[in-house]
Amino acid sequence: MRVTRVALALALAAVMLWPATVLAQQDPAPMQRRVTEASAERLLDESLLNSPERRARNQERLAAPLPSEDDREALGEALYQRGLAAIELGRQSQAVDDLKRASGLLGSQDRAEALFMLGQAYLNLGHVSRAIAALAEASRLETGPGSQLRNLALMAEQHAKLGDVAATTALLKECQGIAQKIQASKADTNPNVSLWRRTNSLRCEMALAHAQGRLGEVETLSRQIIKGFEDAPKARNSYVLGNRYQLLAENLRAQGRLADAETEARTALSVYQKTVGPTSQRTGTALQGLGRIIAEQGRIKEGETLVRKGMELIQAQGMAGNGGGRLVLADILALDYRWAEAREQFELARQVYADQPDLVDGIMRRNPNITLAMVKTGKAAEALPLLQRHVEILTVKLDAQDYALAQARGLLGIALQALGRHDEARTEFTAALPVLLAQINDEDQETGNLARDQKLRLILEAYMENLVGKPTGRITATPDAIAESFRVAEAARGRSVQRALAASATRAAAANPAIAALVRQVQDTEKQAAALTSLLANAISARAEDQTAAAIDALKSRIGDLKSERAMIMARIGEQFPDYARLLNPKPLSLEEVRPSLRGGEALLSFYSAEDRLYAWAVSGTGPAAMSVSPIGRLDLEARIRKLRDGLDMTVAEVDEFPDFDVKTAAELYAAAIAPIEPAWAGAEILFTIPHGPLGQIPLAVLPTALPKPPAAKSASPPAPLFAKYREVPWLARKVAVAQLPSSGALGLLRSTPPRQTPRRAFVAFGDPLFNKQQVSGQDLISAALTGRGVGRRSVVASRADFTAELGQLPRLRDTADEVKGIAQVLGADPEQDLFLQARASVGMVRQLDLARWRVVMFATHGLIPGDLAGLDQPALALSSPAVTGDGSSGLLTMEAIMGLKLDADWVVLSACNTAAGDGSGSEAVSGLGRAFFYAGTRALLVTNWPVETVSARLLTTDLFRRQAEDPALSRAQALRRAMLGLMDGPGTGSFTYAHPTFWAPYSLVGDGG
């Protein structure tokens, strides 16, 4: 019986994922995103379907009568087999009962295996200390050194999860001693024995690295284990290899390298399909893990689909409840603000664990989404005692400056605010926010955490509500409350943009060895502190029986040391490289700090789109600031903006098919958000705006300040040209020039940098790049004769959740050459020295030139957002393909590369960039590109918000630069405004005018509009 029992136990042990299919560990990598099918079904190879025979056998074992108590050996064997069946079917409590009984009936060697599997069942229930005790007893009884080493490795991994470095170190020494004995024995000549000796030795080393927060080292050791399996023919074709890839994916996720994690999770899925079948429980678990990784990249719908498919497979395998999958799904739904659905999944998971109240308690304390879902669905009174207890526990166990404690107090404030207990809520917010905001940039800036960002936003939004009350139009709150809410909104806005910038800045710093060395030190401390913080969260939320006070204290001490070390390095960076430090760690400005940046005739409008309201602030150089709060929630605002974009971002080719622009919706938005604070900026000639959320998808110049007057009665005069009616709309553009800023601090920084005194050439441009060899020969031409009432729009990148292109698939933008030449003529540029078209519009040429020699720099090409191309993880500009130029580049001028440029430009023009993509990602991309170009040395950008009509775009841009050339004192914002009005009020084509906003409003000025 011994051989059969050991083989089965090893098979089960190799795949156990303790509730962490349920309670898994927590989070931009180099460009590695793969093409993703829209349907989870298409990830599965239906030719590999397996039968339900194994499940049926396990169910039979559970139902079979037990032998008589008189036959101890037979009863022990039956209980053992029934315990294994219960583990496979997900019935862990029954498995514990059966295996405990079996271990008291079997002989010492068989008892050792029963205790080992008992340890596995305890781990599946989250009983870490009981599992370690069972494994230790199993190891004591074991006579086989291979099994002893296996047991020690598993024990070390459990101590590591609780951050117990001392216990893990002791077990590593034991592992090393046993491994040396095995290696010196004849048994090690057996390839299988040697493989498992190396594997379990590496597991022990990984455990210590994990306990110390050295996740990069864990990754290296994990890859060594995988290589060992792949080099062994039997292991290569085993699902055990899938387990190792899945664990590697979790490690990469914990490091925040989500693109790399996705690659390894897909590999694990592929291994499981081939070895145990596409409908197996392991395949279902792999789908859930992959779905979570994808959702954490922001591809929420895609991740949700995969998790639901995984749950379906696991349920079909007869696994009891699948509470782990429900918790993963609930977290994804919460990330999408679908609180009612999230709460439903949490409740179903709670039912699965109904017989394990201490496990439920741990889950409740570890996962703030549970109480948040309760608050957001009207159950704040039920959530309140749970949150209060959690704060009490953390107050005892953590320092007052700990982020986890501050977040818990902030969430408690949300519940109190929802219950109308405003003074108590204010107390919690006042305690939490200094800690949260002080550490807002202390996390690993290269990776970050969407879920953490979401919690911070919700806390800050609740605090703003506490400060200014309900949405009632213009707010009459105290000046201090208005100023404080502005500061808080600045901190909450644009976290993903800042993270992308920080990541690019970090990579760009490699060009400067002095900065690079310091940045690497910052990265190392951030990553290690983040890993140890995750372990500390595990340790303090574990059952009382599993907690070790010494281990918790040691973790807290080490985290504190790492934070101090990071602060010292950041201080050195700030002293030696202040510009880089400001980019990496920007400080939100107050209203009073913004004022000095504004000149006479200038004002600033700042917006924040919250879950249930829209905030707006107005401030000028003098006079009181004003604030409005409109009852327009984020989803409502998205719907309104979508309606407006439907009348702007069009694909029709005939002007007769143009839909009307929704003037009424646009005017209502202005009336709700901007009109109440108009007195604070009335009289301004330039209005700087900081949009947020959906507002970043349209230029505010297209909002009417009022509804147009009804048309006069029809007369006998000839009918007006098409779109002439839009000339009567009182657009904001008629009232004031508008410029956009990525943050409140951007204007001051741009104006604090003096321009170089050296002479500069007028204009340099890169346009009409070639993306494949067919475009060189003209084979890509498509004949499309337009009628006199036809319009030609520039092609855009086709980007969907289930499709990513390659550079060579991008459409050529032939008309950009004409636009570039038109501006060059107006500014007196030399076509030979200043224009780089087609194959010359290359990354190599950009790098070769000293771009600081030109006042206006233009890139007339596709602007790309993450995901537009396979593997693209940052905004970029598409230039000629290396297949055409032979320069060995990627053909992409990424945000990282832009930050490495040296510019001294009054303008950078990004023509043909669809920077306000309909899903909102483009508005963040332009914010990121804008900051990157500002860092490189430009004062303003001109960017497009949707695919432009080619003729009107050329007319507008050439007129803009003609006006500036003729009147050097004319501000950039006013030059753009006058060019817009000139196009709007001009003759058009004869059959139609350019008064429709799709023609005159596609360009936005980002940066210093003065």
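The coordinates are above.
Criteria and thresholds
- Residues numbered from 1 in each chain as written.
- Predicted model: local features only at pLDDT ≥ 70, side-chain atom pairs only at ≥ 80, totals over all residues.
- Heavy atoms only, no water.
- Phe/Tyr/Trp six-rings, centres within 6.5 Å; stacked < 30°, edge-to-face > 60°.
- Lys NZ or Arg CZ within 6 Å of the ring centre and 35° of its normal.
- Buried < 20%, exposed > 50% of the residue type's maximum accessible area, 1.4 Å probe, protein only.
- Helix = DSSP H or I, 4+ residues; strand = E, 2+ residues; numbered from the N terminus.
- Pairing = 2+ DSSP bridges.
- Core = buried A, V, L, I, M, F, W, Y, C linked by side-chain atoms within 4.5 Å.
- Contact = heavy atoms within 4.5 Å.
- 1 Å grid on protein atoms, 1.4 Å probe; cavity = no way out; pocket = protein on both sides within 12 Å on 5 of 7 lines; lining within 4 Å.
- Points joined across faces, edges and corners; volume = space filled by probe spheres on them.
- Axes fitted to C-alpha atoms, helices over the stretch in contact; angles between N-to-C directions.
- Parallel < 35°, antiparallel > 145°, perpendicular 65-115°, else oblique.
- Left-handed = near helix turned anticlockwise from the far one by under 90°.
- Nonpolar A, V, L, I, M, F, W, Y, C, P; charged D, E, K, R; others polar.
- Salt bridge = Lys/Arg side-chain N within 4 Å of Asp/Glu carboxyl O.
- Expected span 1.5 Å × (residues − 1).

J.: When you look at the packing of aromatic side chains in this model, what are you seeing that I'm missing?
T.: Throughout the structure, instances matching the rule amount to 19 aromatic pairs. Over the aromatic face of Phe116 sits the side chain of Arg150, whose NZ or CZ is 3.5 Å from the ring centroid. Between Arg634 and the ring centre of Tyr337, over which it is positioned, the NZ or CZ distance is 5.2 Å.

J.: For this particular structure, what's the right way to read the pairing of strand 3 (residues 614-620)?
T.: For a regular strand, side chains alternate in direction, first toward one face of the sheet and then toward the other. Taken across its seven residues, strand 3 has seven buried, putting it largely inside the fold. Residues Leu614, Ala616, Ala618 and Ser620 point to one face of strand 3 and Tyr615, Trp617 and Val619 to the other, with burial holding for every one of them. With seven bridges joining them, strand 2 (residues 602-609) and strand 3 adopt antiparallel strand pairing. Following the sheet pairing, Ser609 is matched in strand 3 by Leu614.

J.: Can you walk me through the nonpolar core in this structure?
T.: Most often, soluble globular proteins keep nonpolar side chains buried together rather than apart. Counting 176 residues, the largest nonpolar core has Trp681 and Phe763 as the members making the most contacts within it. Those residues in contact with Trp681 that lie beyond four places of it in its chain are Ala603, Leu605, Ala618, Tyr670, Ile674, Leu687, Leu732, Lys735 and Val736. One finds Leu79, Ala102, Met117 and Leu171 within the second-largest nonpolar core, a separate group that totals 50 residues.

J.: Can you help me understand empty space enclosed by the protein in this one?
T.: Over the atoms, a rolling probe the size of a water molecule traces out where space has been left empty. In this structure, the largest cavity spans a volume of roughly 160 Å³. Along the walls of the largest cavity sit 20 residues, with Pro699, Leu700, Ala701, Val738 and Ser1004 positioned nearest its centre. Counting only elements with at least two residues in the lining of the largest cavity, the list comes to strand 6 (737-740), helix 42 (972-985) and strand 14 (1003-1007).

J.: Before we go on, may I ask you to explain the packing of helix 20 (residues 380-397) against helix 21 (residues 403-418) in this structure?
T.: Relative to each other, helix 20 and helix 21 sit at 155°, their axes nearing to 9 Å. For the element pair helix 20 / helix 21, the angle class is roughly antiparallel. Crossing hand, helix 20 versus helix 21: left-handed. Residues Ala380, Leu384, Leu387, Gln388, His390, Val391, Leu394 and Thr395 of helix 20 form the contact with helix 21, whose participating residues are Ala404, Leu405, Ala408, Arg409, Leu411, Leu412, Ala415, Leu416 and Ala418. Here the residues of the contact of helix 20 with helix 21 are counted per class, giving 13 nonpolar, three polar and one charged.

J.: Could you clarify how one ought to interpret the pattern of salt bridges in this entry?
T.: Proximity of charged atoms lets side chains of opposite charge pair with each other. Following the criterion strictly, the structure yields 53 salt bridges and no others. In this structure, Asp188 and Arg197 form a salt bridge, with 2.7 Å as the shortest nitrogen-oxygen distance. The same class applies to Asp188 as to Arg197, namely buried. Measuring nitrogen to oxygen at the nearest pair gives 3.0 Å for the salt bridge that ties Arg292 to Glu250. Highlighted residues: Arg292 in helix 14 (residues 281-296) and Glu250 in helix 12 (residues 239-255), separated in sequence by 42 residues. For Arg292, a relative accessible area of 11% gives the class buried.

J.: When you look at the pairing of strand 5 (residues 686-690) in this model, what are you seeing that I'm missing?
T.: Within strand 5, five of the five residues are buried, which leaves it mostly tucked inside the rest of the structure. Direction of pairing for strand 2 relative to strand 5: parallel, over a ladder of five bridges. Counterpart to Ser606 in the pairing with strand 5 is Ile690. Two elements, strand 5 and strand 6, share four bridges in a ladder whose sense is parallel. Within strand 6, the position partnered with Thr689 by the bridge is Gln740.

J.: Help me understand helix 14 in this model?
T.: Turn by turn, an α-helix covers 3.6 residues, leaving residues three or four places apart pointing in a common direction. Taking 1.5 Å per residue, 16 residues should reach 22 Å; helix 14 reaches 23 Å between its end C-alpha atoms and fits that length. Taken across its 16 residues, helix 14 has 15 buried, putting it largely inside the fold.

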